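Tertiary structure, described
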Amino acid sequence: MAGFGWKLHGDGRHLKPGEVVKPGERLTWGRTIALGAQHVVSMIGACFVAPVLMGLDPGLALMASGVATVLFLVMTRGRIPSYLGSSLSFVGVSAVIAGQGGDVGTLTGAMLVVGVCLAACGFAIHVLGPRVVHAVLPPTVTGAVVMLIGFNLAPVTASTYWPQDQWTALATMLFTGLALVVLRGFWSRIAIFLGLVFGYALSWILDRTAGRIHSVNGAGKLTDHWRIDFSGVEKADWIGLPTFHAPNFSASAILVALPVLVALIAENAGHIKAVGAMTGDPLEDKMGMAIVADGTATVLSTAVGGPATTTYAENIGVMAATRVYSTAAYSAAAAFAVLFGICPKFGAVVAAIPGGVLGGITVILYGMIGLLGAQIWVRNKVDFTVPLNLIPAAAGIIIAIGGVSLKFTATFELSGIALGTLIVLTGYHSLRWLSRVAGQSRTPLLDGGTGDFDGSTDRND
């Protein structure tokens, strides 16, 4: 079976022009292990950034990503080469939950429920077919939800990270942006990681040349402090298990986290299509099971205090560059991740990343997440001269970014991401149904084209 009995591709050393190493094949074990290490380097920046931003143990996140990847490969029977890393989609959720007084247990409990719902959606897709994804989550809705999740994070950067060291944040932002634009191949795919290394090194140099900085610290207090605090690194052991904790459950936190379900389904669906196109093996029939595997992995990770998982585009890039789609390489990458996860000192170094560095990274990272929503619209040619597309997306995005709240009772309200997603999802489908019942055409609300509510102009049918 592919994934457990890999066939050696050719001589295991060379690829002829146009050849690819398929998921059920492998190169020599030395080359396969080296490729696994490359996959780890490619994903490690984002995999560590996510838990750091959410206040979770980065060592546990890395270990959980390795276990999750193995689980994914087993559940998909080795047909889908994929790495499951820490999901960045919950960073905004973590900030909202913290603002409500929740702790990391509340956050992981909310993510666990989302994982259960994701697995359930995967089963439904597996039974009903992938077309149900396009029916319930057309590009108008998916793009808007992804956009509002990304842009809702802007206040986190502006008020928490950037003020800790504005000049380091600016330098890190410029370096990361330059790396993303100028570098090519493998180096461009680890540009976020390179930005972290640059900012870390710059902070270390400034501590020794300029001394302490007078700014707010991680707790938001104005004080003189070092940019990098290595006290945690000195205390950490070289070998040991990461910090585990049990989740706890809060209805308000769960409601805040549930909208991310839309983004996770979209991520998985996009990954399946991309990998299928690159390998020449249509994988639409595996979309449901892949989503089930991701949801199950999220439940497993969050049950012990880790972050939610998701498929990583960084690793798709590595496959495209190397033309090696072997799941054996992902198994090697998973083994490396688990080994790194049992090194607390390694995790402590990551946890010591200065706030200013995170400020520079998150400016680009959060913006990229938001603009992925726009990319969904562009690729699917969503026409915003059509009021059905324009109104729900516009309303939901403004509500989410502006932090608008809707209070139902003294103890229950919806706001931000949760309310914005609800507006987009219910608004689109209810308006679409009402327009068809009314049987009326609508003139465009924006210049540049015409549109109505029928299937000829609504490109999301």
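Residues numbered from 1 in each chain as written. Predicted model: local features only at pLDDT ≥ 70, side-chain atom pairs only at ≥ 80, totals over all residues. Heavy atoms only, no water.

**What to know about the overall build of the protein**
On a plain count of helices and strands, the protein comes out with 20 helices and 8 strands. Long-range contacts, defined as pairs at least 24 residues apart, comprise 77% of the intrachain contacts of the protein with a sequence gap of at least 6. A total of about 19,700 Å² of accessible surface is found on the protein, and carbon and sulfur atoms cover 67% of it. (Helix = DSSP H or I, 4+ residues; strand = E, 2+ residues; numbered from the N terminus. Contact = heavy atoms within 4.5 Å. Areas by Shrake-Rupley, 256 points an atom, 1.4 Å probe, with all protein chains shown as cover.)

**A few points about the confidence of the model for the protein**
Averaged over every residue, the pLDDT of the protein is 81; residues scoring 70 or more account for 87%. Here residues 447-461 scores under 50 on pLDDT; set against residues more than four positions off or in separate chains, the count is 45 contacts. (pLDDT = per-residue confidence, 0-100.)

**With respect to the nonpolar core**
One recurring pattern in soluble globular proteins is that nonpolar side chains are buried together. Judged by nonpolar contacts, the single largest core of 93 residues is most densely connected at Met-54, Phe-90, Val-93 and Tyr-366. The contact partners of Phe-90, leaving out residues within four places of it in the chain, are Met-54, Met-111, Val-114, Ala-257, Val-260, Leu-264 and Ala-308. Counting residues in each nonpolar core, the second largest holds 5 residues, with Val-21, Leu-27, Val-324 and Ala-329 among its members. (Core = buried A, V, L, I, M, F, W, Y, C linked by side-chain atoms within 4.5 Å. Buried < 20%, exposed > 50% of the residue type's maximum accessible area, 1.4 Å probe, protein only.)

**Quick word on the pattern of salt bridges**
One pass over the structure, following the stated rule, counts 3 salt bridges. Note that Asp-165 and Arg-227 form a salt bridge whose closest N and O atoms lie 3.1 Å from each other. Placement of the pair is Asp-165 in the loop between helix 7 (154-161) and helix 8 (166-182) and Arg-227 in the loop between strand 5 (222-225) and helix 11 (231-235), with a sequence separation of 62 residues. Like Arg-227, Asp-165 is buried. With its nearest N and O atoms 3.1 Å apart, the salt bridge here joins Arg-227 to Asp-207. Note that Arg-227 is positioned in the loop between strand 5 and helix 11 and Asp-207 in helix 10 (residues 191-209), a separation of 20 residues in sequence. Of the two residues examined, Arg-227 and Asp-207, each falls in the buried class. Taken together, the salt bridges that share partners define one network made up of Asp-165, Asp-207 and Arg-227. (Salt bridge = Lys/Arg side-chain N within 4 Å of Asp/Glu carboxyl O.)

**What about the state of the cysteines?**
Per the stated rule, a full pass over the model turns up 0 disulfides. Here Cys-117 stays free of any disulfide, with the sulfur of Cys-121 as its closest cysteine sulfur at 6.7 Å. Residue classification places Cys-117 among the partly exposed residues on the basis of a relative accessible area of 26%. Cys-121 gets classed as partly exposed once you look at its relative accessible area, which sits at 24%. (Disulfide = S-S within 2.5 Å.)

**Examining the environment of Leu-339**
Summarising the element assignment, Leu-339 is placed in helix 16 (residues 327-341). For the pair Leu-339 and Gly-59, spaced 280 residues apart in sequence, the C-alpha separation works out to 9.8 Å.

**Side note on unusual backbone geometry**
At Arg-77, a residue that is not glycine, the phi angle is positive and equals roughly 60°. For Arg-77, the position within the fold is in the loop between helix 2 (58-75) and strand 3 (84-86).

**Notes on a nonpolar patch on the surface**
The grouping of Ile-391, Leu-431, Trp-433, Leu-434 and Val-437 at the surface amounts to a nonpolar patch, some 490 Å² of accessible area in total. Its location among the elements puts Leu-431 in helix 20 (residues 416-438). (Patch = residues over 30% accessible without salt bridge, like charges linked within 9 Å, V, L, I, M, F, W, Y side chains within 5 Å.)

**Some details on the packing of helix 6 (residues 139-151) against helix 18 (residues 355-379)**
Packed helices, taken two at a time, are described by the angle their axes make and the gap between the axes. One way to put it is that helix 6 packs onto helix 18 with a least axis distance of 7 Å and a crossing angle of 170°. One finds that helix 6 runs roughly antiparallel with respect to helix 18. Where helix 6 abuts helix 18, its residues Pro-139, Thr-140, Thr-142, Gly-143, Ala-144, Val-146, Met-147, Gly-150 and Phe-151 lie against Tyr-366, Gly-367, Ile-369, Gly-370, Leu-371, Leu-372, Gly-373, Ala-374, Ile-376 and Trp-377. (Axes fitted to C-alpha atoms, helices over the stretch in contact; angles between N-to-C directions. Parallel < 35°, antiparallel > 145°, perpendicular 65-115°, else oblique.)

**Focus on the side chain of Thr-176**
With respect to the element layout, Thr-176 can be found in helix 8. Within the structure, Thr-176 has its side chain in polar contact with the backbone oxygen of Thr-172 (distance 2.8 Å). With near-sequence residues (within four places) excluded, Thr-176 lies in contact with Ala-191, Ile-192, Gly-195, Ile-361 and Ile-364. (Polar contact = N/O pair within 3.5 Å; in protein donor to acceptor, adjacent residues only side chain to side chain.)

**Comments concerning the packing of aromatic side chains**
Each aromatic ring pair is summarised here by two numbers: the centre-to-centre distance and the angle between the ring planes. Summed over all chains, the structure comprises 3 aromatic pairs. Relative to Phe-198, the ring of Phe-175 lies with its centre 4.3 Å away and its plane at 5°, an arrangement referred to as stacked. In this pair, Phe-175 sits in helix 8 while Phe-198 sits in helix 10, placing the two residues 23 residues apart along the sequence. Among the residues examined, Phe-175 registers a relative accessible area of 31% and is labelled partly exposed. Of the residues examined, Phe-198 reaches a relative accessible area of 28% and is grouped as partly exposed. Considering the side-chain rings of Trp-377 and Phe-384, the 4.7 Å spacing of their centres and the 75° angle between planes classify their relative orientation as edge-to-face. On the basis of relative accessibility, which here comes to 12%, the residue Trp-377 falls in the buried class. The ring centre of Trp-238 lies 5.3 Å from the NZ or CZ of Lys-345, which sits over that ring. (Phe/Tyr/Trp six-rings, centres within 6.5 Å; stacked < 30°, edge-to-face > 60°. Lys NZ or Arg CZ within 6 Å of the ring centre and 35° of its normal.)

**Side note on the environment of Leu-8**
When you line up the elements, Leu-8 lands in strand 1 (residues 7-8). Taking the C-alpha atoms as reference, Leu-8 lies 9.1 Å from Val-21; in sequence the two are 13 residues apart. Apart from residues no more than four positions distant in its own chain, Leu-8 is found in contact with Arg-26, Leu-27 and Thr-28.

**Details of the side chain of Thr-106**
In this structure, Thr-106 sits in helix 4 (residues 104-128). Residue Thr-106 is classed as buried on the basis of its relative accessible area, which comes to 10%. Within the structure, Thr-106 has its side chain in polar contact with the side chain of Asn-248 (distance 3.0 Å).

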